[in-house]
Amino acid sequence: MIKVTIDGIQVEVENGATILDAAKKAGVYIPTFCHDDRLAPTGACRICLVEIEGGPPRLFASCVTPAADKMVVKTKSEKIAKARKTNIELLLVHHPLDCPVCPAAGQCHLQDLTYEFGLQTSRFKMPRKEKEADISNPCIEQNDNRCVLCGKCIRVCNEIQGVGAIGLVKRGFNAYVGTPFQNELNCDFCGHCVTTCPVGARNSRFIMKGRAWNVKTVNSICSFCGTGCSISYDVRERENLVTGAKAVHGLGINGNFQCSKGWQGFQYIHSKDRLSKPLIRSGKTLSPVSWDDALEEVSKNLKRIIDEHGPQAVAGMGSERMSNEENYLFQKFIRTVVGSAKVDNILNMKNRAVGEGLPETLGGLVLAPLERLDKVQLIFLAGADATEESPVAGNMIRRAVTKLNAKLIVANSRNIRLGRIASQSLAHRVGTEAALVNGIIHEILTRNLVPREAAASRIENLEELRNSVSTFTPDYVERITGVAAAEISRAAEGLASSEGTAFLCGRDIIGNAGNATALEALKNLIILTGNGNSGKGGIMLFREFSNSQGVNDMGVTPNMLPGYQSAKDPKVREKFEKAWGKPVPEPGKETGDIIQQAIDGKIKALYIMGEDPVMRYPDGQKVREALGKIEFIICQDLFITETASYANVVLPGVSFAEKTGTFTNMEGRVQRFAQQISPLDEALPDLNILCKVAERMGAKLKSNISEEAMAEIAQLSPLYSGISTATGKGCGGTVSYSPGADSKGKAGIVSFSAPSEGPKDFPFTLVTGNLLHHLGPYSRKSEALNAVAGGSFVELSLKDMKELDGIKEGDMVLVESPHGRLSLPAKFNSKSPQGVAFIPNNFENAPVNILFSGNSEVTQVRIYRTA
Amino acid sequence: MCANKATTLENEIDLGKTEKILEKYQTIKGALIPILQKVQDEYGYVPEEAAYLVADRLGIYPSQIFGVLTFYTQFHLKPRGKYIMKVCCGTACHVKGAPGILDRLQATLNVQAGETTADNIFTVERVNCIGACSLAPIIVVNKDAHAKVVSDDVANIVNDLKAREA
Ligand code: SF4
Ligand code: SF4
Ligand code: SF4
Ligand code: FES
Ligand code: FES
């Protein structure tokens with residue numbers, strides 16, 4: 001530690017701290033433009049000048065000058081003021097002082113300093129830039145006149161986001177921030193450059209007006225994906241508007257990072273498509289009605305159907321994007337007020353193993369926190385296009401690899417972006433993950449890459465495991481997966497020698513029931529390589545939506561009550577019956593999920609809260625047929641989603657900004673989102689809606705207050721007891737899905753059958769997933785996100801495009817599976833290997849699920865040019 | 001995403017030449033500028049595709065390469081003509097009528113300074129003092145200097161070169 005005096009205030013700072021650091025500690029303000037704690041210093045703008053007493057007579061840029069012991073620093077003097085003033089005047093040669101129309105007004109250092117020095121204009125008279133703002137990009141505008149060339153936008157894009165989309169072009173008078181070769185900005189649209197710009201030079205083109213002095217900031221959680229980033233929202237209280245969003249350095253698990261959805265996705269809150277009133281169907285149209293009429297319609301029909309067909313004719317579908325409290329109350333409503341055991345959620349319907357079966361699947365493994373990525377030597381990324389699925393987690397991986405020297409092995413059937421920084425890319429055929437992992441295990445065991453004793457101490461049934469993988473020789477695995485035997489050996493060596501490997505699994509593995517074996521195989525590998533609970537690595541499962549984890553924790557599943565307590569167990573039911581004061585129905589014996597049961601005519605009424613099965617159920621034809629058969633459908637949502645257009649009654653709920661609650665993220669971390677504004681129009685908080693419906697049905701659901709609901713959850717579910725969610729920083733407690741640190745695991749035995757060769761006339765394998773900029777129905781209501789990703793397409797490799805009689809980017813093609821067809825523009829993507837096509841699942845006007853059948857989101861297709 | 005750009009373009013230019021240069025210099029630290037110079041020597045300018053390829057191989061962002069290319073005036077981003085017509089606009093040449101000469105040349109070839117004629121034969125450039133002030137005003141065509149030019153000479157110089165091409 002060294003002692004420094006800043007303007008007479010003595011502080012102690014670490015060796016190596018800058019004068020600016022010391023000043024911050026002393027509470028002395030020094031203006032800065034180019035400095036940013038997150039970025040490597042450049043000392044470019046020279047606005048942070050200070051004097052060092054007894055030192056050389058020149059002025060020093062405090063942000064790059066190290067403090068020294070006993071140094072005495074002056075931050076205010078005539079000399080400094082003069083130099084600063086000159087600097088400002090040089091900037092004002094170009095800077096237009098158009099503060100009244102600038103979005104940065106009120107939070108701009110240049111404005112403050114200009115004001116401080118009382119400058120009206122610059123002494124220096126030179127031709128001004130007078131450039132028109134560059135609005136060639138639909139989302140981000142660049143106003144070069146206002147730019148002070150601090151370079152922060154460039155550095156944040158290079159250093160934080162790792163995209164490098166923009167740079168300094170030309171020099172001197174002509175210098176500006178631009179894209180290479182004046183190409184259109186083609187980037188992640190994370191918005192870091194915009195939220196970092198110290199002046200109003202780089203802006204979103206979808207500014208929701210909010211002056212710095214009349215917004216307050218509310219720290220909350222992003223409502224999109226399962227990463228669970230903390231985001232700070234700008235709120236205009238008087239107008240009841242949310243006007244901005246950004247990640248804040250040091251806040252939440254994401255720290256610096258935000259993705260395009262975290263930055264601009266919030267705009268759906270004020271979308272003009274929000275439902276302002278409940279709707280009731282008459283004939284083909286949905287018409288607005290009063291809450292009274294809507295609630296009457298709901299209760300009347302539910303009661304009638306229960307009377308006529310019994311409570312089991314009513315089913316409920318909960319939501320991966322609504323809070324724990326709402327999901328909890330929802331299943332309680334279906335189970336106790338309706339009396340039906342049929343509640344479920346789409347994730348569980350797709351793959352029970354990571355839904356209500358999660359604790360069993362984990363088999364003692366504990367989900368590792370994301371921060372562990374910063375500490376491991378190796379990251380094994382399987383079946384996850386992390387930068388698109390969970391962009392901030394993807395960025396954490398990138399940081400671990402590029403800054404913290406972690407190695408990365410990517411196993412994916414497509415050439416994902418992270419593959420570019422991977423030490424190894426295992427590009428396997430679609431659906432062969434299990435064989436690949438078994439091949440690696442085989443290699444580790446036969447070559448004793450993990451010493452025998454170590455393996456035996458980690459795995460109870462080592463011999464059984466050895467036998468089960470005995471056929472997975474490198475040559476055989478190469479034949480099945482298309483990954484060279486030598487690569488498999490190399491991966492095995494890397495995994496066996498790493499001290500601490502994080503295994504991340506994504507959509508291709510966990511979102512797909514057909515691939516349950518891959519997860520099982522991966523678990524064996526985790527335990528074998530010593531990355532079970534006592535190890536330094538661990539397992540992480542990407543979660544698609546903000547509460548994909550929580551909806552299952554809350555027992556919105558047919559066989560489990562909240563906290564994965566079996567509904568088949570009479571003791572468990574008794575406990576809940578006592579607490580709820582009502583009988584809890586036993587799970588029925590029907591086979592198939594509620595969509596199948598609807599097709600079989602067993603479901604007469606379906607209550608869908610915050611879900612869009614028409615878009616999300618894997619088999620698009622089947623779900624449409626099922627909804628068509630159901631007599632009475634209630635949809636509770638913000639918009640007329642594709643599903644809501646099948647509804648008989650639509651109940652307008654509110655967005656996360658208009659209520660309080662908790663989400664449980666991919667780590668099992670329970671985080672509270674705070675209310676920012678009051679409910680819009682006649683929309684009601686979803687807990688209130690559930691209570692009101694219950695009341696009409698003659699029952700009381702006790703609490704429409706989120707905190708009280710959470711208390712009830714904590715009381716009934718040991719999983720959530722002791723979870724604190726009241727942290728101001730937005731980081732709650734973490735749920736553990738496994739009983740404890742049992743270091744010895746039992747290997748699951750994996751049977752594997754190679755995916756059958758597709759029929760010859762359907763030569764392409766079609767896969768799907770989310771685009772970086774979209775998730776669920778809400779992102780499609782953000783104008784900014786639609787501006788950067790507005791329509792669907794089919795991605796093909798360049799080679800395939802050439803071979804399909806020279807298809808060019810943008811040409812319309814017909815994609816046809818044995819089950820359906822879609823007409824889409826073709827798009828080149830280097831991600832797609834030959835023979836693999838990709839269609840995003842985000843666009844309601846091109847529902848890719850009509851091409852799939854059964855419970856798999858992979859199919860064979862043929863593709864031909866139509867125009 | 002951006003770094004993939006090179007592969008998205010229909011490769012009209014022969015990137016093999018860039019590959020060869022990279023093979024030789026890729027591993028040398030600080031070789032970016034020499035590499036770009038060599039690329040320019042090969043193609044006469046630095047093609048976008050080549051810049052993306054260099055970026056990819058050196059592990060830097062194309063935006064950074066573009067910064068270097070636009071920082072130094074020695075680099076050209078568009079194909080240049082067979083004859084580079086440099087009109088000196090230094091002080092001495094300026095005083096002796098360089099602006100009029102440049103105007104005339106631009107009008108004759110129907111391009112602005114910095115541009116190349118559609119047939120890729122002529123590129124007009126405005127340069128600063130080339131150190132031959134006693135010969136002002138001066139036009140340098142590739143390596144040949146035309147001294148003490150008057151406006152009416154411009155047409156002749158151009159016509160001679162055109163005749164050579166015919
Ligand atoms: S939005 Fe993000 S990726 Fe795009 S230029 Fe800005 S910082 Fe870079
Ligand atoms: S746009 Fe903003 S952040 Fe970028 S260089 Fe200009 S002033 Fe700095
Ligand atoms: S990564 Fe997910 S949680 Fe984080 S900002 Fe993006 S969408 Fe929101
Ligand atoms: S803030 Fe110190 S030089 Fe820019
Ligand atoms: S000014 Fe033209 S040669 Fe010097």
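Residues numbered from 1 in each chain as written. Chains lettered and ligands numbered in written order. Predicted model: local features only at pLDDT ≥ 70, side-chain atom pairs only at ≥ 80, totals over all residues. Heavy atoms only, no water.

## Side note on the site of ligand 1
Ligand 1 sits among I140(A), C157(A), V163(A), A165(A), C187(A), D188(A), F189(A), C190(A), G191(A), H192(A), C193(A) and R202(A). Classifying every residue of the shell around ligand 1 gives eight nonpolar, two polar and two charged. (Near = heavy atom within 4 Å. Nonpolar A, V, L, I, M, F, W, Y, C, P; charged D, E, K, R; others polar.)

## Description of the pattern of salt bridges
Side chains bearing opposite charge may pair, as long as their charged atoms lie close to each other. Residue and element names in this part refer to chain A. The final tally for this structure, using the stated rule, is 53 salt bridges over all chains. The partner of K300 in a salt bridge is E297, with the nearest N and O atoms 3.5 Å apart. On the criterion of helical spacing, the pair formed by K300 and E297 is a turn pair, its members being three residues apart in helix α7 (residues 291-309). The salt bridge partner of E816 is R862, with a shortest N-O separation of 3.0 Å. (Salt bridge = Lys/Arg side-chain N within 4 Å of Asp/Glu carboxyl O. Helix = DSSP H or I, 4+ residues; strand = E, 2+ residues; numbered from the N terminus.)

## A few points about the packing of aromatic side chains
Residue and element names in this part refer to chain A. Scanning the entire structure with this criterion turns up 18 aromatic pairs over all chains. When the centroid spacing of 5.3 Å and the interplanar angle of 90° are considered together, the rings of F330 and Y607 count as edge-to-face. Here Y607 lies in strand β24 (residues 605-609) and F330 lies in helix α8 (residues 324-338), a separation of 277 residues in the sequence. Across this residue pair, the class does not change: F330 and Y607 are buried. In textbook terms, an aromatic cluster arises when at least three aromatic residues are bridged by ring pairs, as seen for F224, Y233, Y268, F639, F656, F663, F673 and Y778. For the cation-ring pair, R414 lies above F838, with the distance from its terminal atom to the ring centre recorded as 4.2 Å. (Phe/Tyr/Trp six-rings, centres within 6.5 Å; stacked < 30°, edge-to-face > 60°. Buried < 20%, exposed > 50% of the residue type's maximum accessible area, 1.4 Å probe, protein only. Lys NZ or Arg CZ within 6 Å of the ring centre and 35° of its normal.)

## Concerning the site of ligand 3
All residues in the neighbourhood of ligand 3 are listed as C222(A), F224(A), C225(A), T227(A), G228(A), C229(A), C259(A), K261(A), G262(A), P391(A) and V392(A). Grouping the amino acids of the shell around ligand 3 by side-chain chemistry returns seven nonpolar, three polar and one charged.

## Thoughts on the interface of chain B and chain A
With 24 residues of chain B at the interface, the matching set in chain A holds 25 residues. Regarding the contact of chain B and chain A, the summed buried area is about 2100 Å², with carbon and sulfur atoms giving 58% of it. Across the chain B-chain A interface, the total number found is one salt bridge. The residue R420(A) makes a salt bridge to D56(B) at a minimum N-O spacing of 2.6 Å. Run the count over chain B and chain A and you get nine residue pairs in polar contact (both at pLDDT 80 or more). (Contact = heavy atoms within 4.5 Å. Buried area = accessible area lost by both parts, 1.4 Å probe. Polar contact = N/O pair within 3.5 Å; in protein donor to acceptor, adjacent residues only side chain to side chain.)

## Concerning helix α21 (residues 570-580) of chain A
Residue and element names in this part refer to chain A. Here α21 has its buried residues at V572, R573, F576 and W580. Taken around the axis of α21, the buried residues stretch over an arc of 95°, which confines them to a single face. Exposed residues on α21 whose side chains face more than 90 degrees from its buried face are P570, K571, E574 and K578. Residues of α21 that are buried make contact with α8, β22 (560-561), β23 (565-566) and α26 (706-716). At the C-terminal side of α21, G581 shows a positive phi close to 70°. (Arc of directions from axis to C-beta.)

## Some details on the environment of L804(A)
If you trace the backbone, L804(A) turns up in the loop between α28 (798-803) and β31 (812-816). Separated by 671 residues in sequence, L804(A) and A133(A) have C-alpha atoms that sit 42 Å apart.

## Here we look at the pairing of strand β17 (residues 378-382) of chain A
Residue and element names in this part refer to chain A. In terms of burial, β17 is largely enclosed, as five of its five residues are buried. On β17, burial covers both faces: L378, F380 and A382 on one face and I379 and L381 on the other are all buried. Where β17 meets strand β18 (residues 407-412), five bridges bridge the pair, whose relative direction is parallel. The residue of β18 that forms the bridge with A382 is A411. Sheet topology places β17 next to strand β20 (residues 501-505); five bridges connect them, and they run parallel. Of the residues in β20, the one forming a bridge with I379 is A502. (Pairing = 2+ DSSP bridges.)

## Points about the sheet that holds strand β1 (residues 83-88) of chain B
Residue and element names in this part refer to chain B. The strand order β2-β1-β3-β4 describes an open sheet built from four strands, whose pairing is mixed. The strands lining the two open edges of the sheet, one partner per strand, are β2 (122-127) and β4 (144-146). The sheet shows a mean angle of 20° between the axes of neighbouring strands, taken without regard to direction. Pairing analysis gives six bridges linking β1 to β2, with the strands arranged parallel. The partner of V87 across the bridge, within β2, is R126. (Axes fitted to C-alpha atoms, helices over the stretch in contact; angles between N-to-C directions.)

## Remarks on helix α2 (residues 78-92) of chain A
Relative to the 21 Å expected for 15 residues at 1.5 Å per residue, α2(A) spans 21 Å between its end C-alpha atoms, a close match to the ideal helical length. Summarising the contacts, the buried residues of α2(A) are in contact with β3 (49-52), β5 (71-74) and α3 (109-116) of chain A. (Expected span 1.5 Å × (residues − 1).)

## Let's talk about the nonpolar core
All names here are of chain A. The biggest cluster of nonpolar side chains holds 109 residues, and the ones touching the most others in it are F333, F380, I440, Y607 and L651. With residues near it in sequence (within four places) discarded, I440 still touches F380, L426, I488, A491, A492, L495 and L525. Membership of the second largest hydrophobic core comes to 93 residues, among which are V218, I269, I677 and A784. (Core = buried A, V, L, I, M, F, W, Y, C linked by side-chain atoms within 4.5 Å.)

## Description of unusual backbone geometry
In this structure, P137(B) follows A136(B) across a cis peptide bond, with omega equal to -10°. Along the chain, P137(B) falls in the loop between β2 and β3 (139-141). Located in the positive-phi region is L97(A), a residue other than glycine, with phi close to 50°. Along the polypeptide, L97(A) turns up in the loop between α2 and α3.

Limitation: the analysis is restricted to geometry and does not speak to function.
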